[in-house]
Amino acid sequence: QVRFVESGGGLVQSGGSLRLSCLVSGTIVSPYTMAWFRQAPGKQRDLVAGITDGGTGGDTTNYADSVRGRFTISRDNAKNTVYLQMNSLRPENTAVYYCNARYRTLVLASWGQGPQVTVSS
């Protein structure tokens, strides 16, 4: 069974940075994309960023328009960990952040607890 354990959230001032980590346990059947999502109070869960193994061609990353240029997704296969570096944070980035594996529009595993990220103005 695949399990995700996210960490690294917290309270930060506007303009600050945080790095989230997602430790992945279990086996995920390819093809898939590892992704970060977030859910703000009263809103649906939205895709923030994704990273896909491109083999010898290198990873492919994609981002929501609202975070492109400020957030960076990466992974360390040796540590089974996916990261989300968040810079220039804004109050509207306040949400609970989750990681999961996805294939097209489907998520492939149960959701973890997700760390709270709170950005104060």
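Placed above this text is the structure.
Residues numbered from 1 in each chain as written. Predicted model: local features only at pLDDT ≥ 70, side-chain atom pairs only at ≥ 80, totals over all residues. Heavy atoms only, no water.

Caption draft 1: Structural context of the environment of Q1. By secondary structure assignment, the location of Q1 is in the segment before β1 (3-7). Taking the C-alpha atoms as reference, Q1 lies 7.9 Å from S25; in sequence the two are 24 residues apart. The residues touching Q1, leaving out its near neighbours within four places in the chain, are S25 and G26. (Helix = DSSP H or I, 4+ residues; strand = E, 2+ residues; numbered from the N terminus. Contact = heavy atoms within 4.5 Å.)

Caption draft 2: Broad picture of the pairing of strand β11 (residues 116-120). Residues of β11 alternate between two faces, with V117 and V119 buried on one and Q116, T118 and S120 left unburied on the opposite face. Sheet analysis places strand β2 (residues 10-13) next to β11, joined by four bridges and oriented parallel. Bridge assignment links G10 to a residue of β11, and that residue is V117. (Buried < 20%, exposed > 50% of the residue type's maximum accessible area, 1.4 Å probe, protein only. Pairing = 2+ DSSP bridges.)

Caption draft 3: View of the pattern of salt bridges. In total, this model carries three salt bridges according to the counting rule given. A salt bridge links D53 to R75, with the nearest nitrogen and oxygen atoms 3.3 Å apart. With D53 in the loop between β5 (45-52) and β6 (60-63) and R75 in strand β7 (residues 71-76), the pair connects residues that are 22 residues apart, well separated along the chain. Judged by relative accessible area, D53 falls into the partly exposed class, the value being 48%. Judged by relative accessible area, which is 19%, R75 ranks as buried. With its nearest N and O atoms 3.1 Å apart, the salt bridge here joins R75 to D59. Remark: D59 occurs in the loop between β5 and β6 and R75 occurs in strand β7; sequence separation between them is 16 residues. Looking at D59, the relative accessible area reads 39%, which means it is partly exposed. Connected via shared salt-bridge partners are D53, D59 and R75. (Salt bridge = Lys/Arg side-chain N within 4 Å of Asp/Glu carboxyl O.)

Caption draft 4: Summary view of the side chain of S21. By the element assignment, S21 lies in strand β3 (residues 18-25). According to the relative accessible area criterion, S21 is buried, its value standing at 16%. What S21 contacts, discounting residues up to four positions off in sequence, is V5, E6, S7, W36, T81, V82 and Y83.

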